[in-house]
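Chain by chain, the residues run as shown.
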Amino acid sequence: MNSVKFENVCFSYDKRNILFDQLSFSFGDHQRDRGSIVGLMGASGSGKTTLVKLLSGILRPQHGRILLHPEKPVLSYLPQEAVFFSHLSPLQNAVYFKHISAYKKHFDQKIFEQNAEVLNMTEILKTRRSMEELSGGQKQRIGLLRALSIKPNILIMDESLIGIDNIVKIDFMYQIREIVHQQKILGIYVCHNKDECDVLADELAYIHYNAKQQRNIIFQDDMQNFSSKPPILDAFRAFHYPRHCILSARIENNRLVPCSQSTEDAFYIAVKQENISFSKSNGFHYTLVSSSPRLALIEIYDKQYLTIDTFLCPTHGYHTLLLNGQVLKYSRNEEYIGEIRLIDNELR
């Protein structure tokens, strides 16, 4: 079983800005008879790249320890844009580690040929085309073949699918999953796109800055649970972009009432498009701010905004907004605390 475990890891680039303080988590614990992929997400600056550098040994923690299994794993890294040698052919670039003293003992020709077939690159590698003649997707496949050729225990992919056409990207992601699972690799995929994690990842880890504790913390769950009930409001925003459906509210006489975030008993609710309907009475007053053919921006109470599907939003006459069904409830520090059921904005 390939795994990574952080135990009370502390790291900062300077004394004033502590990035990780007593950070503990593990990747690969649920790996059994196949490999697995962890999607690593978080806002820009949350520490995704630093975490990867700590994991790979480029950086060392000031306190705590990082345990790897096996103790000295073979680790491969696939960046956004893999570096190639223009004077070498695609095949020579793909088998590059075969000739590097630090890696050649790990190079496996049989694994290389199997992966080339799975990635539909066998014929490309037989040609005399230059690297400049390959498409972006083909170049990334060459980079992946090279990273996989040394039979890694851990494969780190740092936003490796940026710039690849969506149709090609989907096929590529399923190919990566097949290889990782069959070869029992622990994959760590750093990205900003939840849709890519839906296809690629088995579980998700989300790094979030906790303003109250003044440190970054990490939330983990399998993809199904994380998608249905994101444990942090930041993750809900990322998962439902560009449909921003978050309101600050409180309960008054068993009824949901929008209010300022500074209100003492305020909390957040995160709603989905299916929770939203409109009426000519009894709902939240709103103002249509702007709209496009696909999405409309409305304001509800003191600069609180919702982005909804344009076809849902009435364009003529006076209407109010109603919320129905299960909506997610988050605390003032933006952590998930449960669900509430609404019928026409009233608790049921």
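Structure shown above.
Attention here is on the structure that accompanies the text. (Residues numbered from 1 in each chain as written. Predicted model: local features only at pLDDT ≥ 70, side-chain atom pairs only at ≥ 80, totals over all residues. Heavy atoms only, no water.)

### Details of the overall build of the protein
The helix and strand inventory of the protein stands at nine helices and 20 strands. Within the protein, the fraction of its 348 residues that count as buried is 49%. Nonlocal contacts in the protein, meaning residues at least 24 apart in sequence, comprise 66% of its contacts between residues at least 6 apart. Accessible surface, the protein: about 18,000 Å² in total, of which carbon and sulfur atoms supply 48%. Each charge sign in the protein was given a centre, from 40 positive and 38 negative side chains, and these centres are 4 Å apart. (Helix = DSSP H or I, 4+ residues; strand = E, 2+ residues; numbered from the N terminus. Buried < 20%, exposed > 50% of the residue type's maximum accessible area, 1.4 Å probe, protein only. Contact = heavy atoms within 4.5 Å. Areas by Shrake-Rupley, 256 points an atom, 1.4 Å probe, with all protein chains shown as cover. Lys, Arg positive; Asp, Glu negative; His and termini not counted. Charge placed at Lys NZ, Arg CZ, Asp CG, Glu CD.)

### What about the side chain of Ser46?
Looking at the secondary structure, you find Ser46 in the loop between strand S3 (36–42) and helix H1 (48–56). A relative accessible area of 6% places Ser46 in the buried class. In terms of polar contacts, Ser46 uses its side chain to reach the backbone carbonyl oxygen of Ala43, at 2.7 Å. For Ser46, the contacting residues outside a window of four places in its chain are Leu19, Phe20, Ile207 and Asn216. (Polar contact = N/O pair within 3.5 Å; in protein donor to acceptor, adjacent residues only side chain to side chain.)

### So, the pattern of salt bridges
The tally for this structure, following the rule as stated, stands at 16 salt bridges. Across the salt bridge formed by Asp309 and Arg243, the nearest N and O atoms sit 2.8 Å from each other. With a gap of 66 residues between them, Asp309 in strand S16 (residues 305–309) and Arg243 in the loop between helix H9 (233–240) and strand S10 (246–252) connect regions that are remote in the sequence. Given a relative accessible area of 11%, Asp309 falls into the buried group. According to the relative accessible area criterion, Arg243 is partly exposed, its value standing at 25%. (Salt bridge = Lys/Arg side-chain N within 4 Å of Asp/Glu carboxyl O.)

### With respect to the packing of aromatic side chains
Applying the stated criterion across every chain, the model contains 11 aromatic pairs. When the centroid spacing of 6.0 Å and the interplanar angle of 35 degrees are considered together, the rings of Phe107 and Phe112 count as tilted. Since its relative accessible area comes to 13%, Phe107 is described here as buried. Note on Tyr330 and Tyr336: the rings are 5.7 Å apart at their centroids and 70 degrees apart in plane angle, and the pair reads as edge-to-face. According to the relative accessible area criterion, Tyr330 is buried, its value standing at 0%. Residue class for Tyr336 comes out partly exposed when judged on its relative accessible area of 26%. Site record: aromatic cluster; members linked through ring pairs are Phe85, Tyr96, Phe97 and Tyr103. The lysine or arginine in question, Arg141, covers the ring of Phe172, its NZ or CZ lying 4.8 Å from the ring centre. The side chain of Lys329 reaches across the aromatic face of Phe267, ending 4.4 Å from its centre. (Phe/Tyr/Trp six-rings, centres within 6.5 Å; stacked < 30°, edge-to-face > 60°. Lys NZ or Arg CZ within 6 Å of the ring centre and 35° of its normal.)

### Re the packing of helix H5 (residues 136–148) against helix H6 (residues 166–182)
At their nearest, the axes of H5 and H6 sit 12 Å apart, and the two run at 10 degrees to each other. Considering their axes alone, H5 and H6 lie roughly parallel with respect to each other. For the pair H5 and H6, the contacting residues are Gln140, Arg141, Leu144 and Leu148 in the first and Val168, Asp171, Phe172, Gln175, Ile176 and Ile179 in the second. In the contact of H5 with H6, the residues fall into six nonpolar, two polar and two charged. (Axes fitted to C-alpha atoms, helices over the stretch in contact; angles between N-to-C directions. Parallel < 35°, antiparallel > 145°, perpendicular 65-115°, else oblique. Nonpolar A, V, L, I, M, F, W, Y, C, P; charged D, E, K, R; others polar.)

### Quick word on the environment of Asn282
Along the chain, Asn282 falls in the loop between strand S13 (276–279) and strand S14 (287–291). The exposure class assigned to Asn282 is exposed, which follows from its relative accessible area of 58%. The sequence separation of Asn282 and Leu306 amounts to 24 residues, and the corresponding C-alpha distance is 18 Å. Those residues within four positions of Asn282 in sequence are excluded, and the remaining contacts are Arg255, Thr320, Leu322 and Asn345.

### Brief notes about the pairing of strand S7 (residues 186–190)
Of all five residues in S7, five are buried, a share of seventy percent or more. Of the strand pairs in this sheet, S3 and S7 are connected by five bridges, and their pairing is parallel. Counted as the bridge partner of Leu40 is Val190 from S7. One ladder, built from five bridges, connects strand S6 (residues 154–158) with S7; its direction is parallel. Across the sheet, residue Leu155 finds its bridge partner in S7, namely Gly187. Handedness of the crossover joining S6 and S7 through H6: right-handed. (Pairing = 2+ DSSP bridges. Right-handed = clockwise from strand over helix to strand, strands pointing away.)

### Describing the sheet that holds strand S15 (residues 295–299)
Judged by pairing direction, the sheet is antiparallel, and its three strands sit side by side in the order S14-S15-S16 without closing on themselves. Edge strands, defined here as strands with exactly one partner in the open sheet, are S14 and S16. Recorded for the sheet is a direction-independent mean angle of 30 degrees between the axes of neighbouring strands.

### Observations concerning the environment of Val199
Among the secondary structure elements, Val199 is positioned in helix H7 (residues 194–200). Residues Val199 and Leu312 lie 113 residues apart in sequence; the distance between their C-alpha atoms is 29 Å. The residues contacting Val199, other than those within four sequence positions of it, are Met173, Tyr174 and Arg177.

### As for the side chain of Thr320
Relative to the helices and strands, Thr320 resides in strand S17 (residues 320–323). Residue Thr320 is classed as buried on the basis of its relative accessible area of 1%. A distance of 3.1 Å separates a polar side-chain atom of Thr320 from the backbone nitrogen of Gly283.

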